[in-house]
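One letter stands for each residue in the lines below.
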Amino acid sequence: MNIHSVFIKAGELMPTQTVVITGANVGLGFACARAVLNEHREWHVVLACRSRERGETAARQLCKETGNSQVSVAELDLASLASVRDFAGHFVQAGSPPLHSIVCNAGLQFSQGRTVTADGFESTFGVNHLGHFLLVHLLLRQLAGSGRVVMVSSGTHDPAQRTGLPAPRWVNPEFLAFPEHDPQPLQEPAGTAGRRAYSTSKLCNLLFTYELTRRLEAAGRSVGTAQPITINGFNPGLMPGTNLARDYGPVQQFAWNYLLPVLALVLPNARTVTASGKALAGLACASEFEAVTGKYFDGRKETASSAESYDRNKALELWEASCRLTRLTPAETIVPLEQRLPVAAPLHNR
Ligand SMILES: NC(=O)c1ccc[n+]([C@@H]2O[C@H](COP(=O)([O-])OP(=O)(O)OC[C@H]3O[C@@H](n4cnc5c(N)ncnc54)[C@H](OP(=O)(O)O)[C@@H]3O)[C@@H](O)[C@H]2O)c1
């Protein structure tokens, strides 16, 4: 695995900053990369993809569409802790321009039955949460000047949004990783269980966002310090037609790819991938968000996430379990791992 900077042509602007976008070969990640390449032409975009081939095809397409070739591809499989550690190691060695933003966009959803990652974790929790949890920690030290992390969550984390997906079900995070150990599992069809695992993983994205906000503050790296790092959550809205429904049955896939995109024209929570990609790129790069941290954005609008997402006990439980499951060591990150933080004002009341 390597970071291939082959797409930079001699004579072009030397890139000044780097943005890493996970799962950037299709869908929202691709649209976000395109928006960054269009609007920040002096920045370098790393497409962090699990398939090098699909990443390179996307990079060529991006060069063609934007006329900007400051894009490279690096292999990252979030379903493997070893791959995440390899990616971070190679990123450091590659000597890219200073890292400004990490966009944790990659995600998946299963409906045909449970699958596990290379490390044996249930895949939805393993990829959507644990892989990104480890990646962010390993790259925090690389964030230079004022750095940013954006976690792509979803309205499905919030039962009040009535998205049509089952509500998240919070249990001991060890049971999210290993559902077969859960002493009181819900008896529900594979499709419902898979979609519930998805909404729960999107809740985890926000619990992590808010806990890391507090720990960056404790480490003296939050806004108002010399080298601030911000982290915010993002809901792109319903974007039918992306590959997110790849594991659905044929009827549901037809609805996702052909019916919902038409219905989306009148659904209030639906957006185009292009519009959400631009909003996501803004959160990652635009100067107006420089001092914004610990917030949740529904598209471009800052709003409150679900009451459960602000639960400090759940955030702490998730943090501690994620450290254990990823075998994260204090030397791998810049924030305190063990320390219990004093109770401060809730983030959404600030
Ligand atoms: N679509 C929606 O309506 C919607 C709504 C709310 C939130 N979201 C969120 O938006 C984000 C992007 O979704 P999307 O709709 O653009 O879906 P998508 O088209 O399926 O794109 C998902 C991306 O994640 C990558 N990915 C999957 N597993 C990975 C792994 N193990 N390691 C690295 N990358 C992996 C995929 O790579 P491959 O191409 O190689 O599979 C793909 O690049 C997700 O976090 C999703 O939860 C989507």
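Residues numbered from 1 in each chain as written. Predicted model: local features only at pLDDT ≥ 70, side-chain atom pairs only at ≥ 80, totals over all residues.

1. Some thoughts on the overall build of the chain
Link 1 in the chain: Helix and strand content of the chain: 9 helices and 8 strands.
Link 2 in the chain: Radius of gyration (C-alpha) of the chain: 19 Å, near the 20 Å computed for a compact globule of 350 residues.
Link 3 in the chain: Projected onto its principal axes, the C-alpha coordinates of the chain cover approximately 60 × 50 × 35 Å.
Link 4 in the chain: Residues counted as buried form 47% of the 350 residues belonging to the chain.
Link 5 in the chain: A sequence separation of at least 24 residues applies to 80% of the contacts in the chain between residues at least 6 apart. (Helix = DSSP H or I, 4+ residues; strand = E, 2+ residues; numbered from the N terminus. Rg over C-alpha atoms; globule rule 2.2 N^0.38 Å. Buried ≥ 20, exposed ≤ 12 C-beta atoms within 10 Å, placed from the backbone. Contact = placed C-beta atoms within 7 Å.)

2. Focus: the sheet that holds strand E7 (residues 296-298)
Link 1 in the chain: The sheet built from 8 strands is open, its strands ordered E3-E2-E1-E4-E5-E6-E7-E8 with mixed pairing. Two strands in the sheet have a free side with no partner beyond their single neighbour: strand E3 (71-75) and strand E8 (301-303). The sheet shows a mean angle of 25° between the axes of neighbouring strands, direction not considered.
Link 2 in the chain: Relative to E8, E7 is paired through 3 bridges, and the arrangement is antiparallel. Its bridge partner lying in E8, Phe 297 is registered against Glu 302. (Pairing = 2+ DSSP bridges. Axes fitted to C-alpha atoms, helices over the stretch in contact; angles between N-to-C directions.)

3. Describing the domain arrangement of the chain
Interfaces are often described in size by the accessible area the parts lose on coming together.
Link 1 in the chain: When the domains of the chain are assigned, the result is domain 1 (17-236 + 271-334) and domain 2 (238-270).
Link 2 in the chain: Centre-to-centre separation of domain 1 and domain 2, based on C-alpha positions: 22 Å.
Link 3 in the chain: When contributions to the side of domain 1 that touches domain 2 are tallied by element, the ones reaching two or more residues are helix H1 (27-39) and helix H8 (273-285).
Link 4 in the chain: Taken together, the residues that form the side of domain 1 that touches domain 2 break down as 5 nonpolar, 7 polar and 1 charged. (Domains from an automatic or database assignment. Nonpolar A, V, L, I, M, F, W, Y, C, P; charged D, E, K, R; others polar.)

4. Quick look at the pairing of strand E2 (residues 43-49)
Link 1 in the chain: Across the 7 residues that make up E2, a large majority, 7, are buried.
Link 2 in the chain: Burial of the side chains of E2 extends over both faces: Trp 43, Val 45, Leu 47 and Cys 49 are buried on one face and His 44, Val 46 and Ala 48 on the other.
Link 3 in the chain: Alignment of strand E1 (residues 17-22) against E2, held across 6 bridges, turns out to be parallel. Bridge pairing links Ile 21 to Leu 47 in E2.
Link 4 in the chain: Crossover connection from E1 via H1 to parallel E2: handedness right-handed.
Link 5 in the chain: With helix H2 (residues 52-66) bridging E2 and the parallel E3, this β-α-β connection has right-handed handedness. (Right-handed = clockwise from strand over helix to strand, strands pointing away.)

5. Considerations on the environment of Glu 217
Link 1 in the chain: With respect to the secondary-structure elements, Glu 217 resides in helix H6 (residues 190-218).
Link 2 in the chain: In this structure the C-alpha to C-alpha distance between Glu 217 and Ile 229, which are 12 residues apart in sequence, comes to 9.1 Å.

6. Points about the packing of H1 against H2
Link 1 in the chain: As a packed pair, H1 and H2 sit with axes 10 Å apart at the nearest point and diverge in direction by 40°. When the axes of H1 and H2 are compared, the pair comes out oblique. Helix-helix and strand crossings are classified by hand; for H1 and H2 the assignment is right-handed. Of the residues in H2, those touching H1 at Phe 30, Ala 33, Arg 34, Leu 37 and Asn 38 are Ala 58, Leu 62, Glu 65 and Thr 66.
Link 2 in the chain: Counted by class, the contact of H1 with H2 contains 5 nonpolar, 2 polar and 2 charged residues. (Parallel < 35°, antiparallel > 145°, perpendicular 65-115°, else oblique. Left-handed = near helix turned anticlockwise from the far one by under 90°.)

7. Regarding helix H7 (residues 250-263)
Link 1 in the chain: With 14 residues, H7 extends 19 Å between its outermost C-alpha atoms, agreeing within 8% with the 20 Å of an ideal straight helix rising 1.5 Å per residue.
Link 2 in the chain: The sharpest bend along H7 measures roughly 40° and falls at Trp 256. (Expected span 1.5 Å × (residues − 1). Bend = angle between axes of the 7 residues up to and from the residue.)

8. Points about the site of the ligand
Link 1 in the chain: Around the ligand, the surrounding shell holds 28 residues, and the nearest of these are Gly 23, Gly 27, Gly 107, Thr 242 and Asn 243.
Link 2 in the chain: Residue contributions to the shell around the ligand peak at 3 residues, all from H1.
Link 3 in the chain: Among the residues making up the shell around the ligand, the classes are represented as 14 nonpolar, 11 polar and 3 charged.
Link 4 in the chain: Residues lining the shell around the ligand come from more than one domain, with at least three contributed by each of domain 1 (17-236 + 271-334) and domain 2 (238-270). (Near = placed C-beta within 6 Å.)

9. Quick word on unusual backbone geometry
Link 1 in the chain: Backbone geometry at Arg 162 places phi at a positive 50°, although glycine is not the residue there.
Link 2 in the chain: As for its position among the elements, Arg 162 is in the loop between strand E5 (143-152) and helix H5 (173-177).
Link 3 in the chain: Of note, Arg 327 is a non-glycine position whose phi angle comes to about 55°, a positive value.
Link 4 in the chain: Its place among the elements puts Arg 327 in the segment after helix H9 (312-326).
Link 5 in the chain: Judged by local crowding, Arg 327 falls into the exposed class, with 11 C-beta atoms found within 10 Å.

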